[in-house]
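Structure at a glance
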Amino acid sequence: MPVWITLIIVIAGISGIVALVHFTGGSVRARLESKAGALKTWLAQFPDHPATGALLEPTGHAALIDLEDGRTGILWAMGRGAAGRVLQGGALQVRGARLRIDLADFTAPHIDVVIKDEPVRRIWAEALEAALTKGDENELS
Amino acid sequence: MNFPDVVMLSVPLFIGLLVVEIIWIKLKGKGGSYETRDTATSLLMGAGNVVAGVAFGFVAYGFFSWLWGFALFDLGASLLVIALCFVLDDLRYYWVHRFGHRVRWVWASHVNHHSSQHYNLSTALRQTWTATFTLMMVLRAPLILLGFSPEMVLFVGGVNLVYQFWIHTEAIDKMPRWFEAVMNTPSHHRVHHGRDPKYLDTNYAGVFIIWDKLFGTFVPEQETPDYGLVQNLGTFNPLRVAFHEWRSMLADIFAPNLTLRQRVAYALKPPGWSHDGSRKTSDQIKAENAP
Ligand SMILES: [Zn+2]
Ligand SMILES: [Zn+2]
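Everything numeric in this text was worked out from a predicted model, so none of it was measured.

1. Quick notes on the interface of chain A and chain B
- Taken together, the contact pairs 27 residues of chain A with 31 residues of chain B.
- Buried area between chain A and chain B, summed over both chains or domains, comes out near 2600 Å², and the portion from carbon and sulfur atoms is 63%.
- Put simply, chain A and chain B have 1 salt bridge between them.
- Where K280(B) meets D48(A), a salt bridge forms, and the shortest distance between an N and an O atom there is 2.7 Å.

2. Notes on the sheet that holds strand β3 (residues 72-78) of chain A
Residues and elements named next belong to chain A.
- In space, the 4 strands of this open sheet follow the order β1-β2-β3-β4, with antiparallel pairing throughout. This sheet does not close on itself; its edge strands, each paired only once, are β1 (51-56) and β4 (81-86). Adjacent strand axes in the sheet meet at a mean angle of 25 degrees when their direction is disregarded.
- Contacting β1, β2 (62-67), β3 and β4, helix α2 (residues 35-45) crosses the sheet at an angle of about 125 degrees to β1.

3. Comments concerning the packing of aromatic side chains
Residue and element names in this part refer to chain B.
- Under the defined criterion, the tally for this structure stands at 20 aromatic pairs over all chains.
- Ring plane angle 90 degrees and centroid distance 5.2 Å describe the contact between W105 and W246, whose orientation is recorded as edge-to-face. Residue W105 is located in helix α5 (residues 104-110), and its partner W246 is located in helix α12 (residues 238-253); the two are separated by 141 residues in the primary sequence.
- Judged by its relative accessible area of 28%, W105 is partly exposed.
- Between W178 and F179, the aromatic rings sit 5.4 Å apart at their centres with planes inclined by 85 degrees, giving edge-to-face as the arrangement.
- Among the residues examined, W178 registers a relative accessible area of 61% and is labelled exposed.
- Among the aromatic residues, ring-to-ring pairing joins Y94, W95, F99, Y204 and F215 into one connected group.
- Taking NZ or CZ as reference, K213 lies 4.9 Å from the ring centre of F218, over its face.

Parameters at a glance
- Residues numbered from 1 in each chain as written.
- Chains lettered and ligands numbered in written order.
- Predicted model: local features only at pLDDT ≥ 70, side-chain atom pairs only at ≥ 80, totals over all residues.
- Heavy atoms only, no water.
- Contact = heavy atoms within 4.5 Å.
- Buried area = accessible area lost by both parts, 1.4 Å probe.
- Salt bridge = Lys/Arg side-chain N within 4 Å of Asp/Glu carboxyl O.
- Pairing = 2+ DSSP bridges.
- Helix = DSSP H or I, 4+ residues; strand = E, 2+ residues; numbered from the N terminus.
- Axes fitted to C-alpha atoms, helices over the stretch in contact; angles between N-to-C directions.
- Phe/Tyr/Trp six-rings, centres within 6.5 Å; stacked < 30°, edge-to-face > 60°.
- Buried < 20%, exposed > 50% of the residue type's maximum accessible area, 1.4 Å probe, protein only.
- Lys NZ or Arg CZ within 6 Å of the ring centre and 35° of its normal.

Such coordinate-based values are descriptive only and should not be taken to indicate function.
Have a look at this one:
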């Protein structure tokens, strides 16, 4: 079988299955329902970084986590799962409703948080700026 | 004797069963979950694994062919010999897999199989692109030197891999008791994919769970595992999934101000080992969480 036919079959097969997953509800993102829920999710992912409080993004797709050591963590929906990182170093870009956090982390290079509500977005942007600068001081400990 | 390429022949079966599982989960509302981008990543990892096999397969095959010239016997290809080869190769798989979790150099390749937070048939296809670079083909050398032909050894390895496809599911709870006792099953392998401390580095089996029971790595499934890595990835990008641990390991090996011994340790000690104790290995995580 020529390579190009194989390639077409593979691409069609993968696209077909991915489309099936999408149309059976597979693109629904995880939602953090409450602060307590966010803290529980955080602790499950980062048992060595105990948290004291959480700031939920209104749709529940992300949360900022106050850590006992004064630093800030971020939790965000990775599809139906969640990923988190302790913020240390990095940069914030604001593009319309989207806050993009660029991290020097090969496994989490960009985190996007979309916040429609302007005042809430401002609170988040300020909190993130503060967290990223604070994280800079003890960078890559 | 010519052996078929069982993995490629099974691709239609893989696709068919994936479709069945996706629809089954949708209809029943239980038995696991599929996520769009996660599935796409798993399938692309599977396709990339095949490409890598075509690109680098000659290394292992060349090595086996060379070894075959030194084989002590030629055991032929009777059914009994093939069956014996299959069982011994499954023991080989157990150890490759155990090294895959206990030696960072090998983990760098294997980690991607554990990088999904989901557990479904697509997770089975989330295979490495970099297996050749682990050099774990040396563990097949004894089989070939004993007189099992390279073609047969590759064939039974393929059958082993195909067997492991169906166990990546939450749709099956438990198999009959006798089966669970001898064979690797969805229940046993779910444990292997758990990031829960007590599940870390357990149930390395390919086909027969007896190896884990024999070598003390067996843990039965109790609560539903939390699937994924100790630190989960924040990206679905297949390139990052494939290479992230190689990258971070090489960064550690070539970090400034380390002794040669420390550099070697970064390659050969278990994942999570660090020269200054700033990270945790699975042994430490388990010790801290021991009941
Ligand atoms: Zn494994
Ligand atoms: Zn697996």
